[in-house]
Amino acid sequence: MKQDVPPPYTAVAQHAVFPQPTHDEAARYNFLTAFNKYLSGSIGAGNRIAYDTRVLPAFQADHGRDPQDRFEIRDAMNQDPWHRYWSALKRNSMEMRQQNGRSITLRQIDELSAKVRQYNEGRETLQLDPSLPIPHYMDVVDIHCMPGNYQGEERPGDMSAGANYDSGLFATTAGGLGALSDGGGQALVEWVRKERPDWKPRRILDLGCTVGHNIVPLALAFPDAEVIAIDTGAAVLRYAHARAQSLGATNITFIQMNAEDMSRFPDGHFDWVQTTMYLHELSGKALPKIIAESERVLAPGGLMFHLEQPQYSDDMPLYEQFIRDWDAFNNNEPYWSAMHALDLKQVMEDAGLPRDCQFTARVLAVVDRTIFPAAAEGAEEDHGRAAAWNAYGAWKPEA
Amino acid sequence: MSDNDVDYIARAGRRAKGKRPDTLHDFNAERTLSILMAVAGEVAVLKERLDTVERLLDDKGTISRADIEAYQATGDAAYERAVATKEYVARIMRGMQQEMEAMQAAPERPTAEISIELKNS
């Protein structure tokens, strides 16, 4: 029997500013990849079994009814010893991933900094704004248990937060994002080529770009486009700029900016405004502001496109909503739960994008399938991390 | 080893901001599990390193540390190593997997009770 196993960590592409792992550091990621795959695939179903065989019957006996929402399921499941132990294992795997990535990155911080500086020094395509306040939702906890978040600096001018983030994406997604962890960006290119084969956007804006892994494929696919990628974290932007330059995506300008206020850009400036796995890291007040700002800077006939994990609709069983919420409460993603319960279509309509110009689509990571796996879906899915997303988008009506 | 001013060993293990979930309701169990999983990870690393040594010896008869560092498993070797790691994870996670099966099993009586039953039947 052919076993379902992930590719080795050494299959990741070593671009010019990628942190170089030793043999044993790569092996540590290989263990975590196999361990994550085991937790979600081989025994992830145990959570459902616990729910069906004892948690739900006990809840029904106590309350005389079924759970009314995912929070009641969470409270009940958090009393179950099997689920608790599974959660403890998974939390440890997240913490171990961070320690390994930081160890790899920080032991070579001088070499990496020098390489990054070569690509960044004196370049107009990297624009930092040290006066920009870090928004509360980017600082209240360290997202994904990533110490220091996207903006943490070990010393002034540091980029190690970006390098650490880039180095571990492979392990957390079991290789589902491909050699450059850019399967999401590649998917955007494939989607738009099918949807509008002859379309050539002149200006593209990426919000919350982190290390730029999702925008580089778009920039390379549209080399004549002017691409702007923004984030509030200088540390990830320094790394993102160097990474993009090293991969030949020289048409991206990385700017430190809060998407809630993009007054620097005139109305209708961009043909495409993009976010990828970004909306769930905002807040209830920031999200609609950012969608409204995005609509303002979007040109008539332009594309707004948000790639996210599926929203919780009334059609989604409450148990599935609960398990999709795991990261929210156990992996420091505190806005995840509320964001996924939002009516995004309404938010976009309120921002001025009528329903009849909106669409949703299912988008799967595009990677080299000779080496990298397709994302597991259904019972074996690693909920919240699957390299398969829902797109919530709109073509802005012509004026 | 560079002469950088960042103590990478101390800083690598920095705590993430945000209250840690008290999943097991037991400090000792939480901390022991963290140690155990870290050691489990290190055993996997040792196994992979030994596999590298064996493959290089098979191939060349003699090896250096540089050979080990430069080694990249591809094709069948990558598959075999991934299967070995998968098997290793399955072995250390046996308890969780068997408890999962136990949840699906029909209710079971203590063996002592069955022992008495068999004695008398």
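From a predicted model like this one, the values you see are computed outputs, not experimental measurements. Starting from 1, residues in each chain are numbered consecutively following that chain's sequence as written. Labels follow written order: the first chain is A, the first ligand is 1, and so on. Thresholds applied to this predicted model are a pLDDT of at least 70 for local features of residues and 80 or more for the giving and counting of side-chain atom pairs; totals over whole chains, interfaces and linings are not thresholded and use all residues.

A.B. asks: Would you take a moment to explain the UniProt feature "domain: Methyltransferase" (unreviewed entry) in chain A for this structure?
C.D. replies: UniProt positions are given in the numbering used here, feature names are shortened, and annotations may be inferred rather than shown by experiment. If you check UniProt for "domain: Methyltransferase" (unreviewed entry), the listed places come out as residues 204-302 of chain A in our numbering. Segments assigned H or I by DSSP are reported as helices when at least four residues long, segments assigned E as strands when at least two residues long, and all are numbered from the N terminus. Between the end C-alpha atoms of residues 204-302 of chain A the distance is 10 Å, and the span holds 31% helix and 27% strand.

A.B. asks: Whenever I open this one, the domain arrangement of chain A confuses me. Can you help?
C.D. replies: Residues and elements named next belong to chain A. When cut into domains, chain A gives domain 1 (13-124 + 158-170) and domain 2 (174-395). Domain boundaries shown here were taken from an automatic or database domain assignment. A C-alpha centroid distance of 20 Å is found between domain 1 and domain 2. We call two residues in contact if the C-beta atoms placed from their backbones are at most 7 Å apart. Residue-level contacts link 37 residues of domain 1 with 35 residues of domain 2. For the side of domain 1 that touches domain 2, the elements supplying multiple residues, two or more each, are α1 (23-42), α2 (45-63), α3 (70-77), α4 (81-107), α5 (109-120) and α6 (160-172). It is α6 that contributes the most residues to the side of domain 1 that touches domain 2, seven residues altogether. For the side of domain 1 that touches domain 2, the per-class residue count stands at 17 nonpolar, 10 polar and 10 charged. Asp, Glu, Lys and Arg are counted as charged, while Ala, Val, Leu, Ile, Met, Phe, Trp, Tyr, Cys and Pro are counted as nonpolar; the rest, among them Gly, fall into the polar class.

A.B. asks: Which parts of the structure should I look at to understand the sheet that holds strand β5 (residues 270-276) of chain A?
C.D. replies: In a beta sheet, neighbouring strands pair by backbone hydrogen bonds and run either parallel or antiparallel. All names here are of chain A. With mixed pairing, eight strands are arranged side by side in an open sheet as β1-β4-β3-β2-β5-β6-β8-β7. In this open sheet, the two edge strands, each paired with only one partner strand, are β1 (126-127) and β7 (358-364). Strands are labelled as partners when DSSP assigns at least two bridges between them. As paired elements, strand β2 (residues 203-207) and strand β3 (residues 226-231) share five bridges and run parallel to each other. Counted as the bridge partner of Asp206 is Ala229 from β3. Across the sheet, helix α7 (residues 183-195) is in contact with β5, β6 (298-308) and β7; its angle to β7 comes to roughly 125°. Each of β1, β3 and β4 (252-256) touches helix α9 (residues 234-246); the most contacted strand, β4, lies at about 170° to it. What counts as an axis is a line fitted to C-alpha atoms, over the stretch in contact for a helix, and the angles between N-to-C directions run from 0 to 180 degrees.

A.B. asks: Whenever I open this one, helix α2 (residues 27-60) of chain B confuses me. Can you help?
C.D. replies: Along an α-helix, residues three or four positions apart point the same way, because every turn accommodates 3.6 residues. Multiplying 1.5 Å by the residue count of a helix minus one yields the expected span of that helix. If you check α2 of chain B, its first and last C-alpha atoms are 50 Å apart, about what 34 residues at 1.5 Å a residue would give, namely 50 Å. Within α2 of chain B the residues assigned to the buried category are Met37, Gly41, Ala44, Glu48 and Thr52 of chain B. The inward-facing, buried residues of α2 of chain B contact α1 and α4 of chain A together with α3 (65-70) and α4 (75-92) of chain B. Downstream of α2 of chain B by one or two residues, Gly61 of chain B has phi in the positive range, about 85°. Counting other C-beta atoms within 10 Å of its own, a residue is labelled buried from 20 upward, exposed at 12 or fewer, and partly exposed in the gap between, with every C-beta atom placed from the backbone.

A.B. asks: Would you explain the packing of α1 of chain A against α2 of chain B in this entry?
C.D. replies: Packed helices, taken two at a time, are described by the angle between their axes plus the distance between the axes. α2 of chain B packs onto α1 of chain A with a crossing angle of 125° between their chain directions and a minimal axis gap of 8 Å. One element, α1 of chain A, and the other, α2 of chain B, form an angle in the oblique class. Relative to α2 of chain B, the crossing made by α1 of chain A is right-handed. Mapping the contact onto sequence places His23, Asp24, Ala27, Arg28, Asn30 and Phe31 of chain A in α1 of chain A and Gly41, Ala44, Val45, Glu48, Arg49 and Thr52 of chain B in α2 of chain B. Should an angle lie under 35 degrees it is considered roughly parallel, over 145 roughly antiparallel, and from 65 to 115 roughly perpendicular; all remaining angles are considered oblique. Take the far helix as the reference: if the near one is turned anticlockwise from it by less than a right angle, the crossing is left-handed, and if turned clockwise, right-handed.

A.B. asks: So what exactly am I meant to see when it comes to α4 of chain A here?
C.D. replies: Compared with the 39 Å implied by 1.5 Å per residue over 27 residues, the 39 Å span of α4 of chain A between its first and last C-alpha is a close match. Most of α4 of chain A sits out of view: 24 of its 27 residues are buried.

A.B. asks: Is there a simple way to explain the interface of chain A and chain B in this structure?
C.D. replies: By a widely used convention, the size of an interface equals the accessible area lost when the partners come together. The interface of chain A with chain B comprises 53 residues on the first partner and 48 residues on the second. For the side of chain A that touches chain B, the secondary structure elements donating two or more residues are α1, α2, α4, α5 and α12 (326-330) of chain A. Of all the elements, α4 of chain A adds the most residues to the side of chain A that touches chain B, at 16 residues. Class assignment of the residues belonging to the side of chain A that touches chain B gives a composition of 25 nonpolar, 16 polar and 12 charged.

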